[in-house]
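The lines below spell out each chain.
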Amino acid sequence: MASRRASLRGLASHCLWLLGVILLMDVSARPANHSSARERAGNREEREILPPDHLNGVKLEMDGHLNKDFHQEVFLGKDTDGFEEDAEPRRSRRKLMVIFSKVDVNTDRRISAKEMQHWIMEKTAEHFREAIEESRVHFHAVDPDGDGRVSWDEYKVKFLVSKGHNEKEVEEKMKNGEELKVDEETQEVLENLKDRWYQADNPPSDLLLTEDEFLSFLHPEHSRGMLKFMVKEIVRDLDQDGDKQLSLPEFISLPAGTVENQQGQDIDDSWVRDRKKEFEELIDANHDGIVTMAELEDYMDPMNEYNALNEAKQMIAIADENQNHHLEPEEVLKYSEFFTGSKLMDYARNVHEEF
Ligand SMILES: [Ca+2]
Ligand SMILES: [Ca+2]
Ligand SMILES: [Ca+2]
Ligand SMILES: [Ca+2]
């Protein structure tokens, strides 16, 4: 790759257009994963049938942590290539400016809150289409006889096999109603999964999931009922006084563990600061100091237009140096790390050259 890049660079001065075409081909030849998403993915076989811990374009992780990559996910959509750590800055800048002109629908060379809102909605829909596609593939993997229904027991077998159990043995024992020996952690995961399976199973509940139900099992963020379920679980984990609502102290109380040094302390401080800001500015919509389940549900709903507009305004405010409530190309380039996850040094010199 390095030598190919080097020779491409040589070509560039002679034929920019050709470079563009070749780079575009290069982009589409790479896998669509963002590196941090790849790191999260873990064991492949397990990943195929387990609901993901991380949902693209959703504000909170399943464990209640803030989704650190949210802004990048709703700005880039599926198309994260070109912003990896080792990407050529020149190519990344170019790509960022291509995105800029797509967001800027009325071509006045600045991005308004409305334009950003529409873009966020579009990119969120893109993540959803990808989730549907993945879910279809995984559904076929757990429904080998292809009757369009998967029972909890069938799923359980596949899950235990992914944990290293022998398929024949597990099936045999389940058929005979014998006890299965699984470790405590696996047992806990199984129970959570079964709760979720029940939730995803629309009436009449027969514990058989259709492809649509399986999609909401894997991706609760796009189903009203499952979204409620997900919010309940998060509140259950964070609520300390049992009133089924979250106060600010509950929302910012740190996970158990001791801080060993100053660096750890700094990380904790910024964790608390980010969560406090999110709680006060976005989640607690009526600003009464309490986050209800309904508020959290609105906040987590990726298709909520009002939220998308708030997000759009927040994203603009972060980079709006000249305070005109719009984003100019220079501002987007300067704050590229916020929008794309990759720092693009030397932005100013290249704005005019590349845009
Ligand atoms: Ca515009
Ligand atoms: Ca509470
Ligand atoms: Ca409130
Ligand atoms: Ca501006």
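Note that the coordinates shown come from a computational prediction; the quantities given were computed from them, not determined experimentally.

## Describing the overall build of the protein chain
If you tally the helices and strands in the protein chain, you get 19 helices and 4 strands. Considering the protein chain as a whole, with its 355 residues, one finds that 43% of them fall into the buried category. Considering only intrachain contacts with a sequence separation of at least 6, the fraction spanning at least 24 residues in the protein chain is 61%.

## Overview of the layout of surface pockets
In this structure, the second largest pocket encloses a volume near 600 Å³. Lining the second largest pocket are 24 residues, and of these Lys68, His71, Gln72, Ile318 and Phe338 sit closest to its centre. Going through the elements one at a time, helix H5 (70-76), helix H14 (262-283), helix H16 (305-319), helix H17 (329-334) and helix H18 (336-340) are the ones with two or more residues in the lining of the second largest pocket. Broken down by class, the residue content of the lining of the second largest pocket amounts to 10 nonpolar, 5 polar and 9 charged.

## Some remarks on the coordination of the calcium ion (ligand 4)
Octahedral metals with six donors have ideal donor angles of 90 or 180 degrees. Tetrahedral metals with four donors have an ideal donor angle of 109.5 degrees. Protein-derived ligands of the calcium ion (ligand 4) are Asp320 (OD), Asn322 (OD1), Asn324 (OD1), His326 (O), Glu328 (OE), Glu331 (OE) and Glu331 (OE), with the metal-ligand distances lying across 2.3 to 2.6 Å. Written as a sequence motif, the donor residues of the calcium ion (ligand 4) are D-x1-N-x1-N-x1-H-x1-E-x2-E. Residue Glu328 is classed as buried on the basis of its relative accessible area of 13%.

## Notes on the pattern of salt bridges
Tallied over the entire structure, the rule returns 17 salt bridges. Between Glu126 and Lys123 there is a salt bridge; the shortest N-O distance is 2.8 Å. Taken as a pair, Glu126 and Lys123 lie in helix H7 (residues 113-142) at a separation of 3 residues, close to a single helical turn. Like Glu126, the residue Lys123 is buried in the burial classification. Ionic pairing is found between Glu133 and Arg136, a salt bridge with its closest N-O pair at 3.3 Å. With a gap of 3 residues between them, Glu133 and Arg136 both fall in helix H7, about one helical turn apart. On the accessibility criterion, Glu133 (42% relative accessible area) is partly exposed. Under the relative-accessibility criterion, Arg136 is labelled partly exposed at 36%.

## Concerning the side chain of His326
By the element assignment, His326 lies in the loop between H16 and H17. Note on His326: relative accessible area 16%, which makes it buried. Looking at His326, its side chain comes within polar contact range of the main-chain oxygen of Asn324, at 3.0 Å. Excluding residues that lie within four positions of it along the chain, His326 makes contacts with Arg110, Ile111, Ser112, Ile316, Asp320 and Glu331.

## Some thoughts on the UniProt feature "domain: EF-hand" (unreviewed entry) in the protein chain
The UniProt entry lists residues 91-126, 130-165 and 226-261 under the feature "domain: EF-hand" (unreviewed entry), expressed in the numbering used here. Helix and strand shares over residues 91-126 are 75% and 0% respectively, and the end C-alpha atoms of the span are 23 Å apart.

## Thoughts on helix H11 (residues 211-218)
With 6 of 8 residues buried, H11 lies mostly within the body of the structure. Among the residues making up H11, those that are buried are Glu213, Phe214, Leu215, Ser216, Phe217 and Leu218.

## Re the packing of helix H8 (residues 152-162) against helix H9 (residues 167-175)
Closest axis-to-axis distance for the H8/H9 pair is 9 Å, and the angle between their directions is 145 degrees. Handedness of the crossing formed by H8 with H9: right-handed. Together, Asp153, Lys156, Val157, Lys158, Leu160 and Val161 of H8 and Glu167, Val170, Glu171 and Met174 of H9 make up the contact between the two elements. Here the contact of H8 with H9 is built from residues that sort into 5 nonpolar, no polar and 5 charged.

## Considering the side chain of Glu115
With respect to the helices, strands and loops of the structure, Glu115 is situated in helix H7. At 3.2 Å, the side chain of Glu115 forms a polar contact with the backbone nitrogen of Val105. Residues within four places of Glu115 in sequence aside, it is in contact with Val103, Asp104, Val105, Asn106 and Arg110.

The rules behind these values
- Numbering of residues begins from 1 in every chain and follows the order in which that chain's sequence is written.
- The order in which chains are written sets their letters, starting at A; the order in which ligands are written sets their numbers, starting at 1.
- This being a predicted model, a pLDDT of at least 70 is required before a residue's local features are given, and a value of 80 or more before pairs of side-chain atoms are given or counted; all residues contribute to the totals for chains, interfaces and linings.
- Water and hydrogen atoms were dropped before computing side-chain values, which therefore reflect all heavy atoms in the structure.
- Think of it this way: any DSSP run of H or I at least four residues long counts as a helix, any run of E at least two long counts as a strand, and we number them from the N terminus.
- Relative accessibility thresholds used throughout: buried, under 20% of the residue-type maximum; exposed, over 50%; partly exposed, between the two (1.4 Å probe, protein chains only).
- Whether two residues touch is decided by their heavy atoms; if any such pair falls within 4.5 Å, the residues are in contact.
- Cavity: a set of points on a 1 Å grid over the protein atoms alone where a 1.4 Å probe fits but cannot get out. Pocket: an open set with protein on both sides within 12 Å along at least five of seven lines, its lining residues, like those of a cavity, having an atom within 4 Å of a point.
- Grid points are joined across faces, edges and corners, and a volume is the space filled by probe spheres set on the points.
- Nonpolar residues are Ala, Val, Leu, Ile, Met, Phe, Trp, Tyr, Cys and Pro. Charged residues are Asp, Glu, Lys and Arg, and all others, Gly as well, are polar.
- Only N, O and S atoms count as donors, using a 2.8 Å limit from the metal and a wider 3.2 Å limit for Na, K and Ca, and since water is excluded some coordination spheres may look unfilled.
- By convention in these notes, a salt bridge is any Lys or Arg side-chain nitrogen within 4 Å of a carboxyl oxygen on Asp or Glu.
- Identification of polar contacts relies on pairs of N or O atoms within 3.5 Å, with a donor-acceptor requirement for protein atoms, meaning one able to donate a hydrogen and the other able to accept it, and with residues adjacent in sequence counted only if both atoms are side-chain atoms.
- UniProt positions are given in the numbering used here, feature names are shortened, and annotations may be inferred rather than shown by experiment.
- Angular values range over 0 to 180 degrees, each being the angle between N-to-C directions of two axes fitted as lines to C-alpha atoms, with helices fitted over their stretch in contact.
- Crossings are assigned a handedness: left-handed for a near helix turned anticlockwise from the far helix by less than a right angle, right-handed for a clockwise turn.

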